[in-house]
Number of protein chains: 2
Amino acid sequence: MQITRPTFVVNKKQCVQNIAKIYSKTFAHQLIFRPHFKTHQSQEVGKWFQDFGVECITVSSVEMAVFFAQNGWKDITIAFPFNILEINAVNSINAEVQINLLVDSYETALFLTNNLTKKVGIFIEIDLFYGRSGILPSEITQISEIASLISESQIADFKGFLIHAGNTYTAETKAEVLAIHAKNLQHIKALKLEFQQKYKDIIVSYGDTPTASLANDFEGIDELRPGNFVYYDLMQQKIGSCFRTEIACSVLAPVVRIKRELGEIVLHSGAVHLSKDYILSPDGAKNFGEVYFVANDYKTIYYNSKAIIYSVSQEHALAKCDAEFAKKVKIGDLLAILPIHSCLTANLMKNNQIILA
Amino acid sequence: MQITRPTFVVNKKQCVQNIAKIYSKTFAHQLIFRPHFKTHQSQEVGKWFQDFGVECITVSSVEMAVFFAQNGWKDITIAFPFNILEINAVNSINAEVQINLLVDSYETALFLTNNLTKKVGIFIEIDLFYGRSGILPSEITQISEIASLISESQIADFKGFLIHAGNTYTAETKAEVLAIHAKNLQHIKALKLEFQQKYKDIIVSYGDTPTASLANDFEGIDELRPGNFVYYDLMQQKIGSCFRTEIACSVLAPVVRIKRELGEIVLHSGAVHLSKDYILSPDGAKNFGEVYFVANDYKTIYYNSKAIIYSVSQEHALAKCDAEFAKKVKIGDLLAILPIHSCLTANLMKNNQIILA
C-alpha cells in the first residue's frame, strides 16, 4: 500500500484498547454501554464493538440511524432533538429495529405521539447547564407534562432522561471534569427521586468522553454513551481524558514545502481534511494539529520531535517545527497529524481512510 | 421536492449572474478567465462556466484535476505546490489534457524535470507576503534558478508566475483590498521587468475573489483565478466583495427547538454541515452563519428579520434571534442559513445538495 495524498489512518489495535478501557468501566459499574457512533460512522469500526458484545448504539441523525439499521444494528438511540420533518424516515425503519428518540419540547412530543406509526422509545433530554438543547432540571412542570404525554401514548415508551454533559469539553483539567460531573450527579439523583416513583422503569442515559474516561462514580446513571474515546484526539489529551499515545487516528499528510530558515513546513492537509477546530496552546496561539514523523508502517509515531499547525486554509496546513524536526524533514515526507477533534476529521475523511491492524 | 434535513441549496440564477459579473470584467480587461473550481467541485456548476466560453480551470488537488479531466475539461491548473508523491497520478492523466503545475522550491522543480513523462506547464508560485506557500519576490536568485531549470527541460514548459493574494481575505474594507492589490501590482511589474526579456511568453496568473470583485486595475496581470465568487458568502459580504443578496447558496436547516424566552433557536446544522469557520461581529462575538426565513421555493430569502449562529457542535447550531424572528419561528420550520465560508460548506455538503433553476 502506497499512500500519496492526505489519508485518515485508524490504528485498530489502539482503538480496541480504547474500547476495552471504557467497556471494562461500564461492566464494572453495571452500566449499559451504548457507544456513540457519530465519531467513526463506520460499519467496520462498529464490528470491533460487537466483539465486546455491544448491541446498543447511539447516533446523531436519522440518516445515521438508517445507515446502521441497514447494517444490522437492532437498537439505536438518535441522540439529537427529534426533527419533526423526518417522521416518515423514522416510521420507515424496519419494525424489528428498536429506535429511541429524543425530545426537549412538548410540541415535538405531541407531534410524535400523533404521527408515529412505528413503536419507539422516547427520552426527554435534560440540559445540565451546558446550554445547547435539553430542558433545564428546574423546569419540572414541563418535564412532567412531556413524561405524562409520552407514557399515556400507545405508540411510544417513555424511556427516561438523556443528558450530554458537554461542558466537560471546555474543562482544562481532570479536577474540573470531575467537579462538573459531581454536580451533575446531584441533579440526576434529584430527577430520579422526582420521577422514579411514577415511572418505575425509566433510566438515565449519560454521555461524553471526558466523564467516561475520568470518572469512577456513576451513581444514578444507568447507561453511558461516549463516542470520541474510540479515537480520542488532542482536545481530549489536553483535558486529560487520554494520553497522547492513546490517540488511535491520524491524518497522513505529504510535505510540499519547507521554509527551513523559518522552521516552517507546508503540508497538504487543510480544513477539508482536518476541519477548522483548534485548541489554544499555553501561549494563546491556535493549534490545529500536531505533526510527527511516522514509521513506514504508518502507525509507529515518533513523539520526540514535533511541529504544530498554526494555520489551515482549504488545502494547506502551515506548521512551525522544533529544531530537530526542521533539520530532518524532507519534501515528500509523509507525516502523521494528530487531529484536534477526531469526530470532525473522521467525518471529512470518510471516503479516504485506511484501517491498520 | 420535500426537504426534511440539512441540504445545500444552489441558486442557479444568482450563480450565473455572479459568473457574468466576473466574466465581463475579465473580458473588458482582456484577461484569461481561469475560475477556481475548488469552491463548487461540481460538474453541473462547471457547465454554467462553459456557457460563457470558459475552457481553462483551476483546481487545488491532483484528485480534483483527475475528476474534471474525466469530465471533459482539457486545460487545468493545479494551484497547489506540487506534491511529489503524486507524480504517477499526474503522468497518468490523458495526454490531450493540458495540465499546469505549481512549484515553490528548486527541489520539487528538479524532481518534476526528472520524473515527468507527460508534457506539462509549470508556474512558479510567488508569495506576495501572504506567508502561506510561494517564494518571496525578493528571492530573485532562487526564482531564476528554478525558471532556468524548467525552461531547459524537454518535458515542462515554464508558464510564468502564479500568485494568490490571500491577505485580501483578512481585509475589512474595499479600500484595504485595493491597497493590498496596488502594492501587489508593483511587485508584479518588477517581476515581469526582471524575467520577461529572457522568457518572452510567460504570464502572471492572479487569484482571489475580493480583488476580482473590487479591483479595476489589472496592469501586468494576464490571468484571473477567483473561485469563491460563484457562491460568495458572509465573509465576502463583510469584506465588501458582494452584497448579501448576491450570495448564491444557503444551507436549509430544520428548527428542532425554540427557547422563546431567551430568543434562541436550535437548528439541525452543525460543523459537519457548515464547517467551523466564523467571522467576528462588531461586538466581538463569533458568527457561524446568518439564519433567515425562506419562501416555499427555498430560494426567496426574507432579509428583514434574522438570527445569528453563535455556536456549532457536530450536528447542532445555536442561534440568537431578533424579536420579530423569535415571535414567528416554529418547530419544523426550514430556514435558510447563509454560510460564512461557502467553499468549506459546499465541500461538506457535496453529497447533499440541490440546484434550483
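Computed from a predicted structure; not experimentally measured.

A. Expanded view of the pairing of strand E4 (residues 75-81) of chain B. Residue and element names in this part refer to chain B. When you tally the buried positions in E4, you get six out of seven residues, the bulk of the element. One ladder, built from three bridges, connects strand E3 (residues 57-59) with E4; its direction is parallel. Directly across from valine 59, in E4, lies its bridge partner isoleucine 78. With helix H3 (residues 62-70) bridging E3 and its parallel neighbour E4, the resulting β-α-β unit is right-handed.

B. View of the packing of helix H1 (residues 12-28) of chain B against helix H2 (residues 43-50) of chain B. Residue and element names in this part refer to chain B. It is the contact of H1 with H2, at a shortest axis distance of 10 Å, that shows an interaxial angle of 45°. Comparing their axes, H2 and H1 come out oblique. As H1 packs across H2, the resulting crossing turns out to be right-handed. Every residue of H2 that contacts H1 at Cys15, Val16 and Ile19 is listed here: Val45, Trp48 and Phe49.

C. Examining the pairing of strand E10 (residues 249-259) of chain B more closely. All names here are of chain B. Counting buried residues in E10 gives 10 out of 11 residues, a clear majority hidden from the surface. Summarising the sheet, strand E1 (residues 7-11) and E10 pair through four bridges and their orientation is antiparallel. Bridged to threonine 7 within E10 is leucine 252. Both E10 and strand E17 (residues 334-338) contribute to a ladder of four bridges, which runs antiparallel. Within the sheet, the bridge partner assigned to valine 251 lies in E17 and is isoleucine 337. Two strands pair when backbone bridges link them, and E10 and strand E11 (residues 264-268) are joined in this way by four bridges, in the antiparallel orientation.

D. Summary view of the interface of chain B and chain A. Contact with chain B, which involves 39 residues of that partner, is made by 39 residues of chain A. When residues of the side of chain B that touches chain A are traced back to their parent elements, those giving at least two are E4, helix H5 (106-115), E10, E11, helix H10 (271-274), strand E16 (316-321) and helix H12 (342-348) of chain B. Residue composition of the side of chain B that touches chain A, by class: 14 nonpolar, 14 polar and 11 charged.

E. Just the domain arrangement of chain A, in detail. Residues and elements named next belong to chain A. Here chain A is described as being made up of domain 1 (31-230) and domain 2 (244-356). With seven residues of domain 1 at the interface, the matching set in domain 2 holds seven residues. Here the side of domain 1 that touches domain 2 is composed, by residue class, of one nonpolar, four polar and two charged.

F. Inspection of the relation of the copies chain B and chain A at higher detail. Superposition of chain B onto chain A requires a rotation of 180° combined with a translation of 0.0 Å along the rotation axis, giving an RMSD of 0.0 Å. Taken together, the rotation and translation relating the two chain copies correspond to the operation of a two-fold axis. Closest to the rotation axis within chain B is the C-alpha of B:Lys276, separated from it by 2.8 Å. The residues that chain B uses at the interface reappear at the interface of chain A in 100% of cases, marking a shared surface.

G. The nonpolar core, seen in detail. Formed by 231 residues in total, the largest nonpolar core has its most connected members in A:Ala65, A:Ile78, A:Leu267, B:Ile78 and B:Leu267. With near-sequence residues (within four places) excluded, B:Ile78 lies in contact with B:Val59, B:Ser61, B:Val62, B:Ala65, B:Ile99, B:Leu101 and B:Leu102.

H. Spotlight on the sheet that holds strand E2 (residues 32-33) of chain A. Residues and elements named next belong to chain A. The eight strands lie next to each other as E2-E9-E8-E7-E6-E5-E4-E3, forming an open sheet whose pairing is parallel. Where the open sheet ends on each side, the last strands, each with one partner, are E2 and strand E3 (57-59). Where strand E8 (residues 203-207) meets strand E9 (residues 223-225), three bridges bridge the pair, whose relative direction is parallel. Across the sheet, serine 205 pairs through a bridge with glutamate 223, a residue of E9. Most of the contacts of helix H5 (residues 106-115) go to strand E5 (residues 98-103), to which it runs at about 150°, and overall it touches strand E4 (75-81), E5, strand E6 (120-126) and strand E7 (156-163).

I. Representation of the confidence of the model for chain A within the structure. A residue-level look at chain A finds 100% of positions with pLDDT of 70 or above and a mean pLDDT of 97. Across the interfaces of the predicted complex, the ipTM metric reaches 0.96, alongside a pTM of 0.97.

J. Main features of the sheet that holds E3(B). Residues and elements named next belong to chain B. Sheet architecture is open: eight strands sit in the order E2-E9-E8-E7-E6-E5-E4-E3, paired in parallel fashion. Each edge of the open sheet carries a strand with a single partner, namely strand E2 (32-33) and E3. In the packing of H3 onto the sheet, the strands contacted are E3, E4 and strand E5 (98-103), and the crossing angle to E4 comes to about 170°. H5 rests against E4, E5, strand E6 (120-125) and strand E7 (156-163) of the sheet, and its axis sits at about 150° to E5.

Reading guide: rules and limits
- Residues numbered from 1 in each chain as written.
- Chains lettered and ligands numbered in written order.
- Predicted model: local features only at pLDDT ≥ 70, side-chain atom pairs only at ≥ 80, totals over all residues.
- Buried ≥ 20, exposed ≤ 12 C-beta atoms within 10 Å, placed from the backbone.
- Helix = DSSP H or I, 4+ residues; strand = E, 2+ residues; numbered from the N terminus.
- Pairing = 2+ DSSP bridges.
- Right-handed = clockwise from strand over helix to strand, strands pointing away.
- Axes fitted to C-alpha atoms, helices over the stretch in contact; angles between N-to-C directions.
- Parallel < 35°, antiparallel > 145°, perpendicular 65-115°, else oblique.
- Left-handed = near helix turned anticlockwise from the far one by under 90°.
- Contact = placed C-beta atoms within 7 Å.
- Nonpolar A, V, L, I, M, F, W, Y, C, P; charged D, E, K, R; others polar.
- Domains from an automatic or database assignment.
- Least-squares fit on C-alpha atoms with pLDDT ≥ 70 in both.
- Core = buried A, V, L, I, M, F, W, Y, C linked by C-beta atoms within 7 Å.
- pLDDT = per-residue confidence, 0-100.

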